[in-house]
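Structural description and commentary
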Amino acid sequence: MLTFKTYRDEWRGNLRGDVLAGIVVALALIPEAIGFSVIAGVDPKIGLYASFSIAMIISITGGRPAMISAATAATAVLMVTLVRDHGLQYLLAATILAGVVQVAAGFARLGYVMRFVSRSVMTGFVNALAILIFMAQLPELVGMPWQTYAMISLGLAIIYLFPRITKAVPSPLVCIIVLTILSLLLHIDVRTVGDLGELPSSLPTFLLPDVPFTLETLWIILPYSLGVAAVGLLESLLTASIVDQMTDTKSDKNRECVGQGIANFVTGFLGGMAGCAMIGQSVINVKSGGRTRLSTFVAGAFLLFMLMSLGDWLRVIPMPALVAIMIMVSIGTFSWSSLNDLRKHPRRSSIVMLATVITVVGTHNLALGVGVGVLLSGIFFAWKVSQIFRVTSTLSSDGAERHYLIEGQLFFASAEDFLNAFDFKERLQRALVDVTHAHIWDLTGVGAVDTAVLKFRREGVEVEVVGLNEASVTIMDKLAMHNEPGALERVFSH
């Protein structure tokens, strides 16, 4: 339960660490926000407005302190066709509608779907994101002059070695300051933040999207809004789980759904694109010492402050400094122990992890990759449960009655084994099907029992099903048809 003391601790429990971490994150947000704007086909200011707006709002409304949300590639790629075919205003309208969908999802308590994401899927998701983060730096690595590689190497050295001297200041912030000073003093010719695009110099205004308020507009933006809402929530909830593990704390997944929705809803009116949680920036925040909501708020507020007051200084930050930070994030995000686990973990778990990685990296679609992983996890789980199923039987001394003992879970994956265990042509007077040690789960399981009972009756054998537990009785009473008039004809006429 959220109390005033808890909420206060979520803001004031780590003042110094949160402020410094927020500053580092704000600096790292700039090139990504600009890059994601380019992906979506809009002006850089759209991504920058979204980043500070979403970060500041989610710090208040979200359910995971210290997690960073802003404009992301995951949502940007979904908007490309909408912007190309209909323009920026429809993107803003779609962002607002996506926020409404996410708020509804939160009130519907869809945050609990994270329970169905296995550890193998989570590991695959993290590894795929680490690879994508590194791949996103390739344009700044390939075909560049030697000075770029030298500065990136120096930046990485500062990031990893400076903490041995002191941890009072986050090493990524030191990296940005040192490389910026060096590039200015030595006039090193490398790409800078200013080369990515024009930075906004004025505050956004609160305006309604300039679109017709008609059903036609709704049908245009609805598919995009649903896609953005789903992908945004999926990435946000997965990132929340990762931050939970990194900080050994808990988050409120349903509140996070509502918070993401409110942030996107408001951002659409401010002229920003939809966004969600960013695992890379969240890792930077946590590794730089961020622990509470204040770090997320500072990231958004300092980004806004820099855009309004320090634009000239931001433009001269060398890209190698930011690339070095993102390489650090990539290395820190990747689960290196998972490579060794490939030999130790069950083969099915490894297949799920690798399939998730391959799908995400191959399609750049996080939702599709996680969907493939969850689907494979479900299939493998069902297969494994179906193997823990056994049917044994004993024949009475006079040969007139056979007692079948069913053990395990009777559902769609074990129904065939259940039916194959019976010899319907055996000359019997009576068959007793004992399900005391079994559980009937679904319509397929009920159908298998129907089929077995009716096949015995067709052969003139008296059959009785005994030992049903309470849940099995409920589903059988609701769905079973073997005791209904004409059941034999209906079942075997298909």
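Our subject in this report is the structure included herewith.

Parameters at a glance
- Residues numbered from 1 in each chain as written.
- Predicted model: local features only at pLDDT ≥ 70, side-chain atom pairs only at ≥ 80, totals over all residues.
- Heavy atoms only, no water.
- Salt bridge = Lys/Arg side-chain N within 4 Å of Asp/Glu carboxyl O.
- Helix = DSSP H or I, 4+ residues; strand = E, 2+ residues; numbered from the N terminus.
- Buried < 20%, exposed > 50% of the residue type's maximum accessible area, 1.4 Å probe, protein only.
- Arc of directions from axis to C-beta.
- Contact = heavy atoms within 4.5 Å.
- Disulfide = S-S within 2.5 Å.
- Phe/Tyr/Trp six-rings, centres within 6.5 Å; stacked < 30°, edge-to-face > 60°.
- Patch = residues over 30% accessible without salt bridge, like charges linked within 9 Å, V, L, I, M, F, W, Y side chains within 5 Å.
- Areas by Shrake-Rupley, 256 points an atom, 1.4 Å probe, with all protein chains shown as cover.
- Core = buried A, V, L, I, M, F, W, Y, C linked by side-chain atoms within 4.5 Å.
- Axes fitted to C-alpha atoms, helices over the stretch in contact; angles between N-to-C directions.
- Left-handed = near helix turned anticlockwise from the far one by under 90°.
- Nonpolar A, V, L, I, M, F, W, Y, C, P; charged D, E, K, R; others polar.
- Pairing = 2+ DSSP bridges.
- Right-handed = clockwise from strand over helix to strand, strands pointing away.
- Parallel < 35°, antiparallel > 145°, perpendicular 65-115°, else oblique.

With respect to the pattern of salt bridges
Taken as a whole and assessed by the stated rule, the structure comprises eleven salt bridges. Across the salt bridge formed by Glu140 and Arg191, the nearest N and O atoms sit 2.9 Å from each other. Here the residue Glu140 occupies a position in the loop between helix H7 (119-136) and helix H8 (146-165), and Arg191 occupies one in the loop between helix H9 (171-185) and helix H10 (215-247), the gap between them amounting to 51 residues. Judged by its relative accessible area of 29%, Arg191 falls in the partly exposed class. Note that Arg402 and Glu426 form a salt bridge whose closest N and O atoms lie 2.8 Å from each other. Of this pair, Arg402 sits in strand S4 (residues 401-410) while Glu426 sits in the loop between helix H19 (415-420) and strand S5 (430-440); the two residues are 24 residues apart in sequence, bridging distant segments of the chain.

Notes on helix H21 (residues 470-479)
For an α-helix, the turn length of 3.6 residues means that residues three or four places apart are oriented alike. Residues of H21 that are buried: Ser472, Ile475 and Met476. End-on, the buried residues of H21 take up no more than an arc of 100°, which puts them together on one face. For H21, exposure combined with an orientation more than 90 degrees from the buried face picks out Glu470, Thr474, Asp477 and Lys478. Among the structural elements, S5 and helix H20 (443-458) are those in contact with the buried residues of H21.

Some points on the side chain of Thr180
Looking at the element boundaries, Thr180 is found in helix H9. Among residues more than four places away in sequence, those in contact with Thr180 are Val316, Ile317 and Pro318.

A short note on the state of the cysteines
The tally for this structure, following the rule as stated, stands at zero disulfides. The thiol of Cys257 is not disulfide-bonded; the next cysteine sulfur, from Cys276, is found 12 Å away.

A few points about the packing of aromatic side chains
Counted by the stated rule, this structure contains 13 aromatic pairs. An angle of 20° between the planes, with centres 5.1 Å apart, marks the rings of Phe206 and Phe269 as stacked. Here Phe206 is found in the loop between H9 and H10, whereas its partner Phe269 is found in helix H11 (residues 253-269), with 63 residues between them in sequence. For Phe269, a relative accessible area of 11% corresponds to the buried category. Each residue in the set Tyr404, Phe418, Phe422, Phe424 and Phe456 is aromatic and connected to the rest through ring pairs, giving one cluster.

Side note on a nonpolar patch on the surface
A cluster of nonpolar residues, Tyr160, Leu161, Ile331, Trp336, Leu339, Leu342, Leu354 and Ile358, forms a patch on the protein surface that exposes about 760 Å² of accessible area. Every element with two or more residues in the nonpolar patch is listed here: H8, helix H16 (337-344) and helix H17 (347-363). Looking at the secondary structure, you find Ile358 in helix H17. Since its relative accessible area comes to 60%, Ile358 is described here as exposed.

Looking at the nonpolar core
Residues Ile30, Phe125 and Met273 are the most contacted members of the largest nonpolar core, which totals 102 residues. A total of 13 residues in this core trace back to one element, the largest contributor, which is helix H2 (residues 15-40). Ignoring sequence-local partners within four residues, the contact set of Ile30 consists of Leu48, Val193, Leu199, Leu303, Met306 and Leu314.

Section: the packing of H16 against H17
The geometry of H16 relative to H17 is characterised by a closest axis approach of 8 Å and an angle of 140° between their N-to-C directions. Note that H16 runs across H17; the crossing there is left-handed. Across from Ser338, Asp341 and Leu342 in H16, the residues of H17 making contact are Ser350, Met353 and Leu354. Of the residues belonging to the contact of H16 with H17, the class tally is three nonpolar, two polar and one charged.

Quick look at the pairing of strand S3 (residues 389-395)
Pairing of S3 with S4, which is carried by seven bridges, proceeds in the antiparallel orientation. Residue Ser393 lies in a different strand from S4, and its bridge partner there is Tyr404. Counting the residues that bridge the hairpin from S3 to S4 gives five residues, and of these Gly399 lies at a positive phi of roughly 75°.

Regarding the pairing of strand S6 (residues 462-466)
Pairing of S5 with S6 involves five bridges; the strand directions are parallel. Its bridge partner being in S6, Leu432 is matched across the sheet by Glu464. In this fold, the crossover linking S5 to S6 by way of H20 has right-handed handedness.

Things to note about the sheet that holds S3
One open sheet accounts for four strands, arranged S3-S4-S5-S6; its pairing is mixed. A single partner strand is all that each edge strand has here, and the edge strands are S3 and S6. Each strand of the sheet is rotated relative to its neighbour by a mean of 15°, with strand direction disregarded. Strands in contact with H20 are S4, S5 and S6; relative to S6, the strand with the most contacts, it is inclined by about 155°.

Overview of the packing of H10 against helix H12 (residues 279-287)
Between H10 and H12, the shortest axis-to-axis distance is 10 Å and the interhelical angle comes to 20°. Relative to H12, H10 is oriented roughly parallel. For the pair H10 and H12, the crossing hand works out as right-handed. Between H10 and H12, the residues in contact are Thr239, Ile242, Val243, Met246 and Thr247 and Ile279, Ser282, Val283, Val286 and Lys287, respectively. Taken together, the residues of the contact of H10 with H12 break down into six nonpolar, three polar and one charged.

That's the geometry; what it means functionally is another story.
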